[in-house]
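What the coordinates show
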Amino acid sequence: MQLTHEENQFERKTFPITLICDHIYFQQNIGSLFRISEAFGVENIIFFGKDIPLTPRKINKTSRSTHLHVPHNVIEEFSELHSFLSDNNFKIISLEIASNSKPLKEVIIPENQKIALIIGSEINGISDELLKISHQIVHINMFGKNSSMNVVQAASIALYEITSL
């Protein structure tokens, strides 16, 4: 028998993970990122870029009101984001297929360390400036002809792996 939300036995837990969304603009993806972040106990979401469409009416449909429970903010300038990450001693992990990326299964998560997981835009992926400041770049091994997946699906897989370690 399927359990209701109130009957499930999952432990409520928050991880020291901040999800950095590099120029993600599709509102369905933004709403879904709130929902998956709440499910995996993400501490905070930072939307990096200008004119991020955080209008609750459109986001609410896919977020199922989780945008009301996950702390989030917008940072428009790279220098401000870089300072925030450096000043708060984040270990920066980018989820991107790159010449120097390694499989997600090989990610190294330092104990008792705040993690910034960067995910890239639906069109261009993660910017070079963010890749350059990353401590690790990881990718999801895929076995079909396609070399990418939806940003929310990729974030879900990465968050599952990182929170399972």
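Placed above this text is the structure.
My aim in this report is to walk through the structure given alongside it, one point at a time. (Residues numbered from 1 in each chain as written. Predicted model: local features only at pLDDT ≥ 70, side-chain atom pairs only at ≥ 80, totals over all residues. Heavy atoms only, no water.)

Two elements in contact, helix 1 (residues 27-39) and helix 2 (residues 56-63), have axes whose closest approach is 7 Å; the angle formed by their N-to-C orientations is 50°. Viewed along their axes, helix 1 and helix 2 adopt a mutual orientation that is oblique. For helix 1 against helix 2, the interelement crossing comes out right-handed. Contacts from Q27, Q28, I30, G31, S32, F34 and R35 of helix 1 reach helix 2 at K58, I59, T62 and S63. Here the residues of the contact of helix 1 with helix 2 sort into 3 nonpolar, 6 polar and 2 charged. (Axes fitted to C-alpha atoms, helices over the stretch in contact; angles between N-to-C directions. Helix = DSSP H or I, 4+ residues; strand = E, 2+ residues; numbered from the N terminus. Parallel < 35°, antiparallel > 145°, perpendicular 65-115°, else oblique. Left-handed = near helix turned anticlockwise from the far one by under 90°. Contact = heavy atoms within 4.5 Å. Nonpolar A, V, L, I, M, F, W, Y, C, P; charged D, E, K, R; others polar.)

The grouping of Y25, F26 and I123 at the surface amounts to a nonpolar patch, some 310 Å² of accessible area in total. Mapping F26 onto the fold places it in the loop between strand 1 (15-22) and helix 1. (Patch = residues over 30% accessible without salt bridge, like charges linked within 9 Å, V, L, I, M, F, W, Y side chains within 5 Å. Areas by Shrake-Rupley, 256 points an atom, 1.4 Å probe, with all protein chains shown as cover. Salt bridge = Lys/Arg side-chain N within 4 Å of Asp/Glu carboxyl O.)

The subject of this paragraph is the packing of helix 1 against helix 5 (residues 151-164). Viewed as axis vectors pointing N to C, helix 1 and helix 5 meet at an angle of 15°, and their least axial separation amounts to 9 Å. Taken together, the axes of helix 1 and helix 5 lie roughly parallel to each other. Here helix 1 runs over helix 5; the crossing is right-handed. Only V151, V152, A155, S156 and L159 of helix 5 make contact with helix 1, whose side of the interface consists of N29, S32, L33 and I36. In terms of residue class, the contact of helix 1 with helix 5 is made up of 6 nonpolar, 3 polar and no charged.

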